[in-house]
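Chain residues, written in single-letter form:
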Amino acid sequence: MYTRLLAVLVGLACVFGVYLISTGLPDKEESATGGTKFMVPERAVDAPASEQLYKNMCIACHGDRMQGAVGPELAHIGASMTKEQLYKKISGGGGGMPAFENRLTEDQLITITTWLASHK
Ligand code: HEC
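Parameters and conventions
Residues numbered from 1 in each chain as written. Predicted model: local features only at pLDDT ≥ 70, side-chain atom pairs only at ≥ 80, totals over all residues. Heavy atoms only, no water. Helix = DSSP H or I, 4+ residues; strand = E, 2+ residues; numbered from the N terminus. Buried < 20%, exposed > 50% of the residue type's maximum accessible area, 1.4 Å probe, protein only. Contact = heavy atoms within 4.5 Å. Areas by Shrake-Rupley, 256 points an atom, 1.4 Å probe, with all protein chains shown as cover. Core = buried A, V, L, I, M, F, W, Y, C linked by side-chain atoms within 4.5 Å. 1 Å grid on protein atoms, 1.4 Å probe; cavity = no way out; pocket = protein on both sides within 12 Å on 5 of 7 lines; lining within 4 Å. Points joined across faces, edges and corners; volume = space filled by probe spheres on them. Nonpolar A, V, L, I, M, F, W, Y, C, P; charged D, E, K, R; others polar. Arc of directions from axis to C-beta. Polar contact = N/O pair within 3.5 Å; in protein donor to acceptor, adjacent residues only side chain to side chain. Near = heavy atom within 4 Å. Sits in = over half its atoms within 2 Å of the grid points.

A.B. asks: Give a detailed account of the overall build of the protein, specifying residues and quantitative values.
C.D. replies: The helix and strand tally for the protein stands at 5 helices and 0 strands. Across the 120 residues in the protein, those meeting the buried criterion constitute 27%. For the protein, the proportion of contacts with a sequence separation of at least 24, taken over those separated by at least 6, is 58%. Here the protein has roughly 8,400 Å² of accessible surface; of this, 63% comes from carbon and sulfur atoms.

A.B. asks: Explain the nonpolar core to me, and be specific about the residues and the numbers.
C.D. replies: By size, the foremost hydrophobic cluster in this structure holds 19 residues, and its most contacted members are Tyr 54, Ile 90, Ile 112 and Leu 116. Broken down by secondary-structure element, the contributors of at least two residues to this core are α2 (47–57), α4 (83–92) and α5 (106–117). The greatest single-element share of this core, amounting to 6 residues, is contributed by α5. Look past the residues within four positions of Leu 116 in its chain and what remains in contact with it is Met 66, Leu 74, Ile 77, Gly 78, Leu 86 and Ile 90.

A.B. asks: Can you explain the layout of surface pockets? Please cite residues and give values.
C.D. replies: One number sums up the size of the largest pocket: a volume of about 400 Å³. Looking at the largest pocket, it is lined by 23 residues, and the ones nearest its centre are His 62, Pro 72, Leu 74, Lys 89 and Met 97. Contributing elements (two or more residues each) for the lining of the largest pocket: α2, α3 (59–62), α4 and α5. Examining the composition of the lining of the largest pocket, we find that 3 residues originate from one element, α4, more than from any other. Split into classes, the residues belonging to the lining of the largest pocket amount to 16 nonpolar, 5 polar and 2 charged.

A.B. asks: Kindly report on α2, identifying the contributing residues and their values.
C.D. replies: Within α2 the residues assigned to the buried category are Ser 50, Leu 53 and Tyr 54. End-on view of α2: buried residues confined to an arc of 100°, all on one side of the axis. For α2, the exposed residues lying more than 90 degrees away from the buried face are Pro 48, Lys 55 and Asn 56. Packing partners of the buried residues in α2 comprise α3 and α5. Capping the start of α2, Asp 46 holds a side-chain oxygen 3.3 Å from the backbone nitrogen of Ala 49, two or three residues further along.

A.B. asks: Can you tell me about the site of the ligand, naming the residues and giving the values?
C.D. replies: Looking at the ligand, there are 20 residues lining it, with Cys 58, Cys 61, His 62, Lys 89 and Met 97 nearest. In this structure, His 62 approaches the ligand through a side-chain N or O atom, which is 2.7 Å from a nitrogen atom. At 2.7 Å from an oxygen atom of the ligand is found a side-chain nitrogen or oxygen belonging to Lys 89. A molecule is said to occupy a pocket when more than half its atoms come within 2 Å of that pocket's grid points, and by this definition the ligand occupies the largest pocket. Where the shell around the ligand is concerned, the elements lending two or more residues are α3 and α4. It is α4 that provides the largest number of residues to the shell around the ligand, a total of 3 residues. Partitioning the shell around the ligand into residue classes produces 14 nonpolar, 5 polar and 1 charged.

See the structure below:
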């Protein structure tokens with residue numbers, strides 16, 4: 001009698017465990033990558049277009065040689081930030097950095113992100 005009860009309890013614990021694993025783990029995985037999986041598409045660096053964008057939108061705060069001014073130095077930013085981090089910072093801004101998601105097109109954001117990432 002008790003053996004049967006024990007078997008039922010163990011069975012229930014297993015079902016509950018599987019339930020926890022199946023519902024719990026994906027959440028953890030998602031929060032580890034910051035919510036959504038986001039990748040900047042691979043592109044060739046377009047230096048002329050990027051330099052033009054930089055002159056128009058970034059030079060005032062990051063300096064004419066990317067040496068930094070109001071904003072930090074960007075001359076070697078590709079060594080410390082991934083393309084995804086760069087894209088998020090440029091599109092979303094924050095900490096005194098304006099958001100460019102409504103001022104640049106998706107294509108321009110990817111262009112300047114790819115160019116900055118190549119500055120190692
Ligand atoms: C109004 C001034 C201003 C303009 C314009 C501006 N930035 Fe910034 N930017 C900042 C400030 C201030 C920070 C520091 C933000 C922080 O500490 O979180 C920053 C940070 C950054 C960072 C992160 C650097 C790091 O070391 O963490 C990147 C990348 C960046 N800016 C790129 C750009 C690009 C590309 C443009 C043009 C499209 C641009 N910024 C235009 C002020 C500006």
